Amino acid sequence: MKGKGLKEYAEDIYTCNRTRCGFCREECPVYHAKLYETYSCRGKMLVGRGLIEETLRPSSEMAEILDRCLLCGLCQARCALHNLDIIASMRSEMVHGGVSTPVHRENVEKILREGYLLEPKAVPEREGKIPLYVGCVYRSKPRELARALTVLERFDIHPLIGEEICCGYIAEATGFREEFEALQERFRKTYRQLGASEILTLCPTCTATLKEKYGLPVKHAIVAVAERLRENRRRAKSLGFRATYHDPCHLGRMSGVFEEPREILRQLDIQLVEMERNRYFSTCCGGGGGVNAVDPDLSVEIAKNRVRDAIDVGVDIITTVCPTCEPTLLRAAGRLAGEVNTFVDVQSLWDLLDKALE
Amino acid sequence: MNKEQIPKAFAELREILGDRATTSTVHRMAYSRDWSPRYREMDDLPDIVVIPNDTQEMVRITKVAYRHEVPLIPFAGGTGMGGGAVAWRGGIMVETKGLNRILEIDEHNMTAAVQSGITIEVLNRELARHKLWLPHQPESKRACTIGASIGCDNDSTFGIRYGKIRDCLLNAVIVTGRAEAIRVGQRKASFSSTGYKLLDLLVASEGTLGTITEATLRVVPLPDVREIRGYVCRRLNDTASGLERLLGSGLAIESAHANCRNRLHFYTHSYREKYGREPQFPEWADAILFLSFAGDKDIVDFNVERATRIMVDEFNAEPVAEQELVEGWWDSKHRLEFIPFKQKWPDSQRQKKFGAADLGLPIGRLEEGYRHYLEIAKKWDQEILGMTIYNESPNMATASISFAVFVDDSSQDRIRQFYQYVREMSEMAIQLDGTMSTYIGDGDRLGGFNQLEHGPGLKYMRRIKRAFDPKNIMNPGKKFQSRWIESPEG
């Protein structure tokens with residue numbers, strides 16, 4: 001599916017310019033950290049107008065600002081416009097203007113060349129019945145992947161895992177549209193057989209991409225686990241501690257999976273304490289949109305703010321179910337511990353399930 | 001302004017602020033507008049954008065501006081409708097969001113001391129932990145800051161019970177155009193009879209006297225329960241007389257908004273769109289009055305019951321049966337909790353822009369004002385949205401009125417037509433013994449023309465401006481000149 005050009009969003013952009021409600025601004029984690037209006041969606045819409053009217057031209061400085069967007073979608077949840085598509089289109093303008101950040105180009109070229117973004121490490125073969133798309137991040141983390149697979153198998157979910165190529169999200173997100181089209185083409189050829197039946201996924205970002213960009217019938221594996229637990233297929237032992245749940249953007253806001261992870265936590269007898277910003281209005285861990293690749297310090301600052309949300313409600317364990325959110329939050333929790341003298345642990349829901357099902 | 005001074009000023013600002021000062025065109029573009037009607041391609045780029053974090057930094061920034069005679073324009077929520085926050089003459093845009101700290105919440109004395117760039121919503125979220133709130137609540141509260149509320153004297157949903165920002169304001173720190181930081185007001189006391197009321201001068205000053213960096217506010221307990229009701233009335237005047245009667249009876253009303261028949265049709269249209277059925281409004285419905293009541297449940301219930309009886313028995317009004325319509329209106333007015341990803345702009349706002357003349361009229365002249373509004377809007381070819389009457393003084397019916405239109409922003413000529421509409425509406429307000437503006441302010445639209453309202457008083461206002469800002473660096477042009485409307489002398 002070819003992305004629309006920026007000019008095709010002119011009506012949205014002018015509508016924002018003339019409306020300027022600012023609902024997108026205050027909660028934007030990047031704006032919150034940077035404070036220049038330009039980092040908010042509303043500010044970018046004025047820059048977008050400059051690009052459309054050609055009073056502004058793509059520049060490396062503009063690319064730097066656009067690169068700091070997490071594409072977390074929080075602004076769009078408050079808005080009637082197509083913010084994420086517009087920002088992706090603006091990033092595409094940077095690519096066409098030859099000013100995009102080199103690290104993004106290198107990443108995209110690597111995916112085109114090798115079929116994946118991160119080095120895959122010993123992926124266990126499985127010859128079950130339900131196709132499972134593992135995704136680059138889990139393929140690079142054999143321990144975490146093994147744990148998720150163990151949990152699935154304990155619920156009699158036997159996945160079929162084969163060779164994989166990257167879904168191409170990062171190419172689309174960073175504005176490399178032609179390259180994304182090529183990746184899509186290759187992906188479709190590789191998975192010609194997919195689409196007939198439901199595909200399980202492990203990574204929230206792959207889940208949203210396969211659904212939105214490829215129109216595939218995907219289900220995040222944690223939803224399948226929640227269904228099994230609901231059917232009482234397997235008893236889990238009580239873990240009995242207090243924790244909060246962080247909604248990954250692509251699983252929660254983008255895919256609408258909010259309650260299943262919480263149901264699981266309750267089944268494990270975990271006392272769930274909600275952070276003030278949760279579900280649709282949860283805030284990003286700081287690892288989204290390729291920001292970590294271009295500005296790791298910003299990513300950590302944003303993640304620290306999310307960890308502070310947990311401290312604010314008096315919990316010291318964050319659980320989540322995303323291979324990007326987990327390390328990003330954990331890294332920030334470690335840094336923050338030195339500043340506030342409180343360490344907040346970050347635990348994967350897969351790990352908790354593994355413990356509870358031992 | 002001498003543009004040659006900009007690089008020198010910028011070099012000094014960089015010394016003070018580092019990355020928090022920029023001349024980047026990309027950043028400047030993001031500060032090129034507020035919410036005021038202007039033609040589609042129009043923008044006002046500042047030369048420099050700075051983000052101070054405290055009063056001392058603001059003093060140092062102002063010293064640079066003073067030395068080089070470069071304009072300083074405070075920017076906050078960017079939702080102002082008067083062009084007050086645009087760099088009409090270039091200069092240094094002061095992004096006040098760096099001033100975003102709560103300095104003290106004093107529960108014992110019911111006060112909150114804050115830096116001026118904190119938004120009203122964020123402050124209230126924090127106050128709620130103490131079971132308190134700041135009742136000054138403009139509809140823009142998600143973006144609007146305390147400093148902007150003081151500087152623009154904007155509207156408040158709960159004005160009929162708590163007034164506007166001035167009624168909550170105890171003291172404030174302003175960095176004047178002389179680069180001096182002064183605290184004005186009465187510490188934590190509610191009033192003072194000593195000296196001149198400099199604190200009052202800050203309200204609606206629109207950054208023309210200085211930059212407000214801190215404020216101390218009186219806050220109040222959060223109510224347990226809130227109920228919203230709507231009443232359709234036979235005449236617009238019944239909304240004002242009904243309200244006066246309700247207050248006279250001793251009832252405690254928390255918010256009151258009256259709407260003309262055009263607005264009524266707007267709400268019925270929205271209801272029809274959302275629920276797929278027609279609301280059961282009587283044929284005679286000519287206006288709608290929305291009220292809210294808040295406090296302990298039994299008291300609120302009593303207020304609702306008695307208010308309904310008075311409106312029905314004495315004013316032949318009818319309570320709105322469709323409570324969803326009333327709650328939907330309240331969502332748009334106060335809660336601002338829209339369903340995620342389901343927010344929708346009416347098609348009209350995709351093509352045109354919301355604009356308004358924000359007049360204040362004596363409450364006995366509402367219908368007269370409404371008739372003129374229909375005529376003047378037609379004369380200047382403005383599409384009528386409707387009239388909403390805000391009540392912004394504690395415990396009395398007042399009329400701060402939004403005479404709203406959809407503005408065609410496709411060309412400069414069409415925007416000029418809108419400002420001709422504002423001009424003629426403003427003249428009408430003066431003829432009816434009212435005021436030109438009650439919540440938008442002068443901005444870059446009424447300055448100079450407002451001599452019609454203030455007469456020789458405007459000369460004294462210029463002198464006050466000079467006392468605070470001798471080099472005319474603080475938001476120059478605003479309040480005393482208009483780029484849209486000619487002054488009475490031409």
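Rules of the game
Residues numbered from 1 in each chain as written. Chains lettered and ligands numbered in written order. Predicted model: local features only at pLDDT ≥ 70, side-chain atom pairs only at ≥ 80, totals over all residues. Contact = placed C-beta atoms within 7 Å. Helix = DSSP H or I, 4+ residues; strand = E, 2+ residues; numbered from the N terminus. Pairing = 2+ DSSP bridges. Domains from an automatic or database assignment. Nonpolar A, V, L, I, M, F, W, Y, C, P; charged D, E, K, R; others polar. Core = buried A, V, L, I, M, F, W, Y, C linked by C-beta atoms within 7 Å. Buried ≥ 20, exposed ≤ 12 C-beta atoms within 10 Å, placed from the backbone. Axes fitted to C-alpha atoms, helices over the stretch in contact; angles between N-to-C directions. Parallel < 35°, antiparallel > 145°, perpendicular 65-115°, else oblique. Left-handed = near helix turned anticlockwise from the far one by under 90°.

Enquirer: Sorry if this is basic, but what is going on with the interface of chain A and chain B here?
Expert: Accessible area lost on assembly of the parts is the figure often given for the size of an interface. With 31 residues of chain A at the contact, the number on the chain B side is 35 residues. Elements with a minimum of two residues in the side of chain A that touches chain B: helix H1 (10-19), helix H3 (41-52), helix H4 (60-67) and helix H5 (74-77) of chain A.

Enquirer: What exactly am I supposed to notice about the pairing of strand S5 (residues 102-106) of chain B here?
Expert: Two faces belong to every sheet, and in a regular strand the side chains alternate between them. All names here are of chain B. Two elements, S5 and strand S6 (residues 111-115), share four bridges in a ladder whose sense is antiparallel. Within S6, the position partnered with Ile-102 by the bridge is Val-114. Hairpin remark: S5 followed by S6, antiparallel, with four residues in the connecting loop; positive phi at Met-110, about 55°.

Enquirer: Quick question: what am I supposed to make of the domain arrangement of chain A here?
Expert: All names here are of chain A. According to the domain assignment, chain A contains domain 1 (6-100), domain 2 (126-225) and domain 3 (238-357). Measuring from the centre of the C-alpha atoms in domain 1 to the corresponding centre in domain 3 gives 27 Å. With 14 residues of domain 1 at the interface, the matching set in domain 3 holds 18 residues. Mapped by element, the contributors of at least two residues to the side of domain 1 that touches domain 3 are helix H2 (29-34) and H5. By residue number, the principal contributor to the side of domain 1 that touches domain 3 is H2, which donates four residues. Its residues assigned to classes, the side of domain 1 that touches domain 3 shows nine nonpolar, two polar and three charged.

Enquirer: Explanation requested: the nonpolar core in the structure shown.
Expert: A general trend in soluble globular proteins is that nonpolar side chains are found buried together. Core analysis: the biggest nonpolar cluster contains 178 residues, and Leu-329 of chain A together with Val-50, Leu-134, Leu-169 and Ala-172 of chain B have the highest contact counts within it. Look past the residues within four positions of Val-50 of chain B in its chain and what remains in contact with it is Leu-13, Leu-17, Arg-20, Ala-21, Ile-61, Ile-92, Val-94 and Glu-95 of chain B.

Enquirer: How should the sheet that holds strand S9 (residues 181-185) of chain B be read in this particular structure?
Expert: Sheet strands pair via backbone hydrogen bonds, and the direction of the pair is either parallel or antiparallel. Residue and element names in this part refer to chain B. Spatially, the five strands line up as an open sheet ordered S5-S6-S10-S8-S9, and their pairing is antiparallel. Of all strands in the sheet, those with a lone pairing partner are S5 and S9, marking the two edges. The average undirected angle you get between the axes of adjacent strands in this sheet is 15°.

Enquirer: Hey, could you run me through the packing of helix H9 (residues 142-154) of chain A against helix H18 (residues 349-357) of chain A in this one?
Expert: The relative placement of two packed helices is expressed as an angle between their axes plus a distance between the axes. All names here are of chain A. The N-to-C vectors of H9 and H18 enclose an angle of 50°; their axes lie 9 Å apart at closest approach. The angle between H9 and H18 places the two elements in the oblique class. Crossing of H9 over H18 shows left-handed handedness. On H18, the residues that touch Glu-144, Arg-147, Ala-148, Thr-150, Val-151 and Arg-154 of H9 are Trp-350, Asp-351, Leu-353, Asp-354 and Leu-357.

Enquirer: Please clarify how the packing of H4 of chain A against helix H6 (residues 83-96) of chain A should be interpreted in this entry.
Expert: All names here are of chain A. Where H4 meets H6, the closest approach of the two axes is 10 Å, and the angle between their N-to-C directions is 150°. Our pair here, H4 against H6, has a crossing hand that is left-handed. Here Met-62, Ala-63 and Leu-66 of H4 come into contact with H6, specifically with Ile-87, Met-90, Arg-91 and Met-94. Counted by class, the contact of H4 with H6 contains six nonpolar, no polar and one charged residues.

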